[in-house]
Amino acid sequence: MGISNFFCKNKWLYKRLEESRVRLYHIAYSWSHDAAVADDLVQESLEKAVRNIDRLYDHNALNGWLYRIMSNCWKDYLRKQYHHVDVPDDELVYEGESPEQAYELKSMADKVQSAVAQLPMGQRQVITLIDLNDASYAEVAEALEIPIGTVMSRLSRARKTLASMVIDQKEQTSGSNIYPLREAR
Amino acid sequence: MTQEKDYSDSILNAFIDGELDDREKNELIADMKLDQQLKARVLRLREIRELVKNAYKNIPIPDWSQQYEYNSRVLKINRYIASVVLVTGIIVGWGAQAFFNQSNTLLEFAEISEQNNLINNNGETARVMIHVTTDDTDRLKVVLDETENLLKQYEESRKKLEISILTNARGINFISASTPFAGRLHSLAARYRNVSFKACKETLDRFNKEEIRNIELLPEAQVVPSALGEVIKSRQKGWSYIKI
């Protein structure tokens with residue numbers, strides 16, 4: 001049964017990898033908000049997963065393992081793109097459209113995506129893994145290599161910011177134009 | 001008046017994300033009944049969670065059908081595995097072959113699997129309870145695929161089979177009116193009389209008490225007093241039991 005288990009496991013894993021593609025794309029898109037970047041990120045992550053599949057000892061941990069691979073690919077991408085950016089979370093200036101312009105976007109989904117895109121990267125990764133993929137806090141902590149306490153605090157800050165940007169948008173329009181943007185960590 | 005506890009946002013987030021243990025959860029639910037502000041905070045966080053979840057649902061997905069090297073790489077590896085499996089099958093004989101022939105994905109997912117008479121050759125009815133406690137759509141899809149396969153196989157071979165899909169906790173969503181599988185569940189129930197869908201009343205009551213979610217079930221679903229009671233009863237009657 002040992003041999004059959006081995007092959008059956010791999011067959012199951014490849015099937016799961018293929019099935020994870022769309023889910024990973026959602027996550028990649030929510031991190032980058034760029035279809036081409038998200039596509040590359042998914043492609044690179046799956047290739048790495050295929051190359052290293054023998055290193056996955058607990059096949060029930062596949063999702064967490066994939067998130068971790070994708071998070072590392074994303075870090076590499078950010079390092080290449082924004083290697084010069086190393087500014088604390090709260091001091092980054094949003095360089096794109098103003099919040100007022102952003103809220104002109106058509107649908108609520110656009111508004112939420114726009115708000116998520118303005119979260120610091122650490123918070124964006126945590127909230128999207130949890131909200132889009134129902135990942136547990138422990139899975140997120142492992143994937144991003146941060147303590148669970150940090151997962152919880154980033155999630156709290158992210159949801160608080162989103163609530164004020166999306167739900168309380170009317171009050172928000174008179175606020176500051178300083179928003180966090182990108183952080184390569 | 002209530003003795004208001006100072007719940008941090010982190011605790012409230014943990015509550016809506018299902019990360020609290022039962023005791024903490026129950027305490028918070030009790031406090032929410034007495035404290036409208038607390039309840040409003042929870043609802044606001046839940047609203048944000050739903051907004052984020054829905055915001056990315058309809059993003060256009062690229063067409064991956066042909067362009068990637070990854071596909072061919074996986075295909076090559078799968079072909080390699082398939083050929084090795086074939087050779088292995090010849091070497092180790094029909095035992096291993098039989099293992100591959102059986103569809104075991106459901107069992108890969110199973111947290112607990114106790115099979116009594118899933119494969120019956122003596123004309124008796126095979127009875128299988130699939131206990132669903134998750135709303136992970138990947139797993140639910142497998143549950144549905146394999147249930148359909150099993151029903152079809154038994155129908156074709158004219159063997160008797162009875163499947164009971166029991167849901168509680170988050171698994172209730174599987175047979176709720178908002179399930180993404182409503183169409184498939186309708187047709188499954190319409191085509192086969194030997195499959196039933198059951199929802200735990202205790203879970204439904206709990207959701208209703210929280211006053212956060214009122215679960216409306218599919219018309220095919222039956223409500224049973226308690227999932228645990230149902231499991232015990234079915235085990236006593238010799239049903240095979242698979243928990244997902």
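Our subject is the structure that appears above.
This write-up is about the structure you can find in this document.

Calculation criteria
Residues numbered from 1 in each chain as written. Chains lettered and ligands numbered in written order. Predicted model: local features only at pLDDT ≥ 70, side-chain atom pairs only at ≥ 80, totals over all residues. Heavy atoms only, no water. Axes fitted to C-alpha atoms, helices over the stretch in contact; angles between N-to-C directions. Helix = DSSP H or I, 4+ residues; strand = E, 2+ residues; numbered from the N terminus. Parallel < 35°, antiparallel > 145°, perpendicular 65-115°, else oblique. Left-handed = near helix turned anticlockwise from the far one by under 90°. Contact = heavy atoms within 4.5 Å. Nonpolar A, V, L, I, M, F, W, Y, C, P; charged D, E, K, R; others polar. Salt bridge = Lys/Arg side-chain N within 4 Å of Asp/Glu carboxyl O. Buried < 20%, exposed > 50% of the residue type's maximum accessible area, 1.4 Å probe, protein only. Pairing = 2+ DSSP bridges. Arc of directions from axis to C-beta.

Residues and elements named next belong to chain B. Look at helix H7 (residues 137-156) against helix H8 (residues 182-191): their axes get within 12 Å of each other, and the N-to-C directions meet at 20°. Between H7 and H8, the angle falls in the class roughly parallel. Note that H7 runs across H8; the crossing there is left-handed. Counting all contacts with H7, which are made through Lys141, Leu144, Asp145, Thr147, Glu148, Leu151 and Glu155, the residues of H8 involved are Arg184, Leu185, Leu188 and Arg191. Taken together, the residues that form the contact of H7 with H8 break down as 4 nonpolar, 1 polar and 6 charged.

When you line up the elements, Ile48 of chain B lands in helix H3 (residues 36-55). Non-local contacts of Ile48 of chain B, meaning those with residues more than four positions away in its chain, are made with Asp131, Arg159, Leu162, Ala163 and Ile167 of chain A.

All right, on to the pattern of salt bridges then. Two side chains carrying opposite charge are able to pair once their charged atoms lie near each other. Taken as a whole and assessed by the stated rule, the structure comprises 24 salt bridges over all chains. Across the salt bridge formed by Asp138 of chain B and Arg16 of chain A, the nearest N and O atoms sit 3.8 Å from each other. Linking Asp138 of chain B in helix H7 with Arg16 of chain A in helix H1 (residues 2-32), this pair reaches from one chain into another. Taking the relative accessible area as the measure of exposure, Arg16 of chain A reaches 6% and is therefore buried.

As a further point, take the pairing of strand S2 (residues 126-132) of chain B. Residue and element names in this part refer to chain B. The element S2 is extensively covered by neighbouring structure, given that 6 of its 7 residues are classed as buried. For S2 and strand S3 (residues 161-167), the ladder comprises 7 bridges, and the chain directions are parallel. Residue pairing across strands places Ile130 opposite Ile165, the latter belonging to S3. Relative to strand S6 (residues 240-243), S2 runs parallel, the two sharing 4 bridges. Pairing of Val128 across the sheet is with Ser240, part of S6.

Right, let's talk about helix H10 (residues 227-236) of chain B for a bit. Residues and elements named next belong to chain B. Among the residues of H10, Ala227, Glu230, Val231 and Ser234 are the ones counted as buried. Looking straight down H10, one finds that the buried residues subtend no more than 100° of arc, so they occupy a single side. Exposed positions of H10 whose direction lies more than 90 degrees from the buried face are Leu228 and Gln236. If you follow the buried residues of H10, they end up packed against S2, S3, strand S4 (195-200), strand S5 (221-224) and S6.

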